[in-house]
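# Structure assessment
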Amino acid sequence: MSVDDSLHELISVWPHEGRAAELVCRLKYGRATAAVSELAQAMADVSPEADLVTWIPASPSRRRRRGFDQGELLARALARRRRVRIRRLLRRSDDDPQTGRDRDGRVVGPAFKSCGPVLRSSPTVLVVDDVSTTGTTLRCAAALLRSRGAGAVYGLVATRSLSMESM
């Protein structure tokens, strides 16, 4: 299975511009965790049915610097709203954030390792992230999750780069 075949669908609430981009940036860089509620509610409103929710983990250095993982906060808030189980299924095996990479570097994507045992019963998994620029991070995560027993894997982000709209 190719990486591109692993992600069933990538769903975004808004394009990464205006107020939506500002909310995501305030959360990521301004530590404005109050933005989680609004972002998670909008994401819950468009999220597909899933058996399990997980998230794209921040790089370890980013998590230490911020004091939280914005993807985890969004995933937990969304899972509560949708009343769906949540489980950490991924961890970064590198410490290189996607932010700051050029397009070629982003297309390679981050390196992930799985957490926990193989998934049973081919659950539908919803992978949450704050923003998607190329979609590569979600496709890499989906490929690993599918190899570990996931059925359909959906990506759900608050915002999507305008450059992705044409992809």
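In this report, the structure presented in the accompanying data block is examined. Predicted model, so just to flag it, every value in this text is computed and none were measured.

### Some thoughts on unusual backbone geometry
One non-glycine residue, S121, lies in positive phi territory at about 65 degrees. Here S121 is to be found in the loop between β5 (112-114) and β6 (125-132). Although it is not a glycine, S122 adopts a positive phi angle of roughly 45 degrees.

### Points about the pattern of salt bridges
Pairing between side chains of opposite charge can happen when the charged atoms of each approach one another. In the structure shown here, the tally under the stated rule is seven salt bridges. Taking the shortest distance from any N to any O, the salt bridge between E38 and R19 comes out at 2.5 Å. Here E38 is found in helix α3 (residues 35-46), whereas its partner R19 is found in helix α2 (residues 18-30), with 19 residues between them in sequence. As a salt-bridge pair, E49 and R82 come within 2.9 Å of each other at their nearest N and O atoms. Of this pair, E49 sits in the loop between α3 and β2 (52-55) while R82 sits in helix α5 (residues 70-82), and the two are 33 residues apart along the sequence. Judged by relative accessible area, which is 64%, E49 ranks as exposed. The exposure class assigned to R82 is partly exposed, which follows from its relative accessible area of 25%. Overlapping salt bridges bring together R63, D69, E72 and R76 as one network.

### Regarding α5
When the terminal C-alpha atoms of α5 are compared, their 18 Å separation across 13 residues agrees well with the 18 Å that a helix rising 1.5 Å per residue should span. N-cap assignment for α5: the residue whose side-chain oxygen lies 2.9 Å from the backbone N of G71 is D69. Where α5 ends, the next residue or the one after it, R83, has phi of about 55 degrees, a positive value.

### Notes on the sheet that holds strand β3 (residues 85-86)
On the basis of which strands lie adjacent, the open sheet formed by five strands has the order β1-β7-β6-β2-β3 and parallel pairing. With partners counted over all chains shown, the strands left at the sheet margins are β1 (9-15) and β3, one partner each. Of the pairings in the sheet, the one linking β2 to β3 comprises two bridges and is parallel in character. Following the sheet pairing, V53 is matched in β3 by I86.

### As for the environment of E9
Locating E9 in the fold gives a position in strand β1. Taking the C-alpha atoms as reference points, E9 and P48, 39 residues apart in sequence, are found 9.7 Å from one another. Contact partners of E9, with chain neighbours within four places excluded, come to V153, Y154 and G155.

### Focus on the packing of α2 against α3
Interhelical geometry of α2 versus α3 gives an angle of 130 degrees and a closest axis separation of 9 Å. Taken as axis vectors, α2 and α3 run oblique relative to one another. Two packed elements cross with a definite hand, and for α2 against α3 that hand is left-handed. Counted together, R19, L23, V24 and L27 of α2 and A35, V36, E38 and L39 of α3 form the full contact between these two elements.

Cut-off values and rules
Residues numbered from 1 in each chain as written. Predicted model: local features only at pLDDT ≥ 70, side-chain atom pairs only at ≥ 80, totals over all residues. Heavy atoms only, no water. Helix = DSSP H or I, 4+ residues; strand = E, 2+ residues; numbered from the N terminus. Salt bridge = Lys/Arg side-chain N within 4 Å of Asp/Glu carboxyl O. Buried < 20%, exposed > 50% of the residue type's maximum accessible area, 1.4 Å probe, protein only. Expected span 1.5 Å × (residues − 1). Polar contact = N/O pair within 3.5 Å; in protein donor to acceptor, adjacent residues only side chain to side chain. Pairing = 2+ DSSP bridges. Contact = heavy atoms within 4.5 Å. Axes fitted to C-alpha atoms, helices over the stretch in contact; angles between N-to-C directions. Parallel < 35°, antiparallel > 145°, perpendicular 65-115°, else oblique. Left-handed = near helix turned anticlockwise from the far one by under 90°.

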